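Now for the letters of each chain:
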Amino acid sequence: MRIVNIVGARPNFVKIAPLIQAMTRRSTFVPTLVHTGQHYDQAMSAQLFQDLEIRPPDFNLEVGSGSHAVQTAQVMQRLDPILEALRPDLVLVVGDVNSTLAAAITAVKRGILVAHVEAGLRSFDRSMPEEINRILTDAVADFLFVTEESGRVNLMNEGVDPARIYFVGNVMIDALQSSRPRWENSSIFHTLGVEPGSAYAVLTLHRPSNVDDADTLANFLEAFETLARHIPIVFPVHPRVKQHLIRQGYGGDTQADARDLLRGKGIVYIDPLGYLDFVALVSRARLVLTDSGGIQEEATMLGIPCLTLRDSTERPITVTHGTNRIIGSDPARILDESLQTLRHPPRPDGAPPYWDGHAAERIIEILDAYRHAKGSTPA
Ligand code: UD1
């Protein structure tokens, strides 16, 4: 089965790593890897490939930054001739970024089967670009691989044929578990000067609704500064946020500054971390504050208390089973909830169903069974 796998942005790399590995283990699969180039910095892209031991992409579309329309259109325009030349049996997309949607539409219009990994998640907030990407990708995908029960229910409620839906678990957790020996050996604690056992929180922020408006961002920073008087906060700054922060006079810490800050209290602004260093940092944190989707899931699996700085989550299992709470963006609430969580950390209720490190294998098994049934032969 010839499969073109699409990645574009940071969370995609984490999801594709176990899938490419599982495909490579089977002689009946011929995987091709296409990087759209949506994320292109060393820290946002190359470092993740290295950390997750992903082989270099066969194609890089180099679309880079741009408006949603430009980014989506350029992926479509540059991917189309590749699909025309390769004529794969299937295009596999992951997650909910612009590259995911663009590749799914390009493939389906060529009559190529589409598999969507992480299908069915819904925040029910259509102002999020990712929600639009999820809805549209699911509408055209032939194989809908879901990570949690809510995904299956949402798709059924949208009238999707149940035969297209497969509850397989979470490939992000596959990546987390298989790389454990390496992230447990991360030198990030040494780099930041974090003593073993010392208390700190980890913060990430990048949603357009949270960071693009100067007043909203300033409100967040006020809350974090107050919280940082109680516990130091390590803040790996996403490029989207960096430009806003610099404009407002924040950021730019050197490693020496970071050490000083961690010894006392404060916010430590650092560049985005690689996968292994970031997971290592989260794994020993007292608290995670985030607006990311994947980090809610990773915190749940690691048993680290997580406060989500949004009004909704498309990953409700992290709240019902995990350590996650949805707290919005009000500064007083952020402080209250953080202090309460530090005093009374929630306990996870066991791993969610199928979050067992074998999701990628299940997906490949399903695709292989389909190939077998159709009698398609490997290239
Ligand atoms: C994208 C995804 C989001 C995902 C996030 C993870 C969409 C709609 N959004 O958001 O779902 O959670 O990635 O990080 O697809 N930039 C750099 N260097 C890079 C990449 C981006 O400087 O390597 C800058 C861009 O110039 C742009 C900003 O960061 O100004 C945002 O990048 P973009 O890809 O548009 O969206 P993200 O906010 O990263």
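Residues numbered from 1 in each chain as written. Predicted model: local features only at pLDDT ≥ 70, side-chain atom pairs only at ≥ 80, totals over all residues. Heavy atoms only, no water.

With parallel pairing, six strands are arranged side by side in an open sheet as β10-β9-β8-β11-β12-β13. Both edges of this open sheet fall to β10 (267-270) and β13 (324-326), since each of them pairs with a single strand only. Across the sheet, the mean angle from the axis of one strand to that of its neighbour is 20 degrees, orientation sign disregarded. Note: strand β9 (residues 233-236) against β10, four bridges, orientation parallel. Bridged to V234 within β10 is V268. Strand contacts of helix α11 (residues 214-227): β8 (201-203), β9, β10 and β11 (287-290), with the helix running at about 125 degrees to β10, the strand carrying the most contacts. (Pairing = 2+ DSSP bridges. Helix = DSSP H or I, 4+ residues; strand = E, 2+ residues; numbered from the N terminus. Axes fitted to C-alpha atoms, helices over the stretch in contact; angles between N-to-C directions. Contact = heavy atoms within 4.5 Å.)

On the secondary structure map, S292 appears in the loop between β11 and α15 (293-302). Assessed through its relative accessible area of 11%, S292 is described here as buried. Of the polar contacts made by the side chain of S292, one reaches the backbone nitrogen of G294; its length is 3.3 Å. (Buried < 20%, exposed > 50% of the residue type's maximum accessible area, 1.4 Å probe, protein only. Polar contact = N/O pair within 3.5 Å; in protein donor to acceptor, adjacent residues only side chain to side chain.)

Following the criterion strictly, the structure yields eight aromatic pairs and no others. Ring geometry for F143 and Y166: centres 6.0 Å apart, planes at 25 degrees, overall stacked. Here F143, found in strand β6 (residues 143-146), pairs with Y166, found in strand β7 (residues 165-167); they are 23 residues apart in sequence, far enough to count as distant. On the basis of relative accessibility, which here comes to 23%, the residue Y166 falls in the partly exposed class. Both rings, one in F145 and one in Y166, keep their centres 5.4 Å apart while their planes meet at 40 degrees; by these two values the pair is tilted. Taken together, the residues span a long stretch of sequence, with F145 in strand β6 and Y166 in strand β7 at a distance of 21 residues. For the cation-ring pair, R284 lies above F189, with the distance from its terminal atom to the ring centre recorded as 3.9 Å. (Phe/Tyr/Trp six-rings, centres within 6.5 Å; stacked < 30°, edge-to-face > 60°. Lys NZ or Arg CZ within 6 Å of the ring centre and 35° of its normal.)

Let us look at the nonpolar core. Nonpolar side chains in soluble globular proteins generally cluster together in the buried interior. Judged by nonpolar contacts, the single largest core of 62 residues is most densely connected at L19, L92 and L367. By residue number, the principal contributor to this core is helix α1 (residues 10-24), which donates eight residues. F224, I267, L307 and L339 belong to the second-largest nonpolar core, a separate cluster that totals 27 residues. (Core = buried A, V, L, I, M, F, W, Y, C linked by side-chain atoms within 4.5 Å.)

This brings us to the pattern of salt bridges. Per the stated rule, a full pass over the model turns up 28 salt bridges. We note a salt bridge from R207 to E130, for which the minimum N-O separation is 2.6 Å. With a gap of 77 residues between them, R207 in the loop between β8 and α10 (208-211) and E130 in helix α5 (residues 129-140) connect regions that are remote in the sequence. For the pair formed by R207 and E130, the shared burial category is buried. For R371, the salt bridge identified is with D368, shortest N-O distance 2.7 Å. Pair noted here: R371 and D368 are both in helix α18 (residues 359-374), with a separation of three residues, about one helical turn. In this structure R371 comes out as buried when scored by relative accessible area, which is 11%. Each of the salt bridges in this network shares a partner with another, and the network as a whole consists of K15, D96, E118, E131, R134, E297, R310, E314 and R315. (Salt bridge = Lys/Arg side-chain N within 4 Å of Asp/Glu carboxyl O.)

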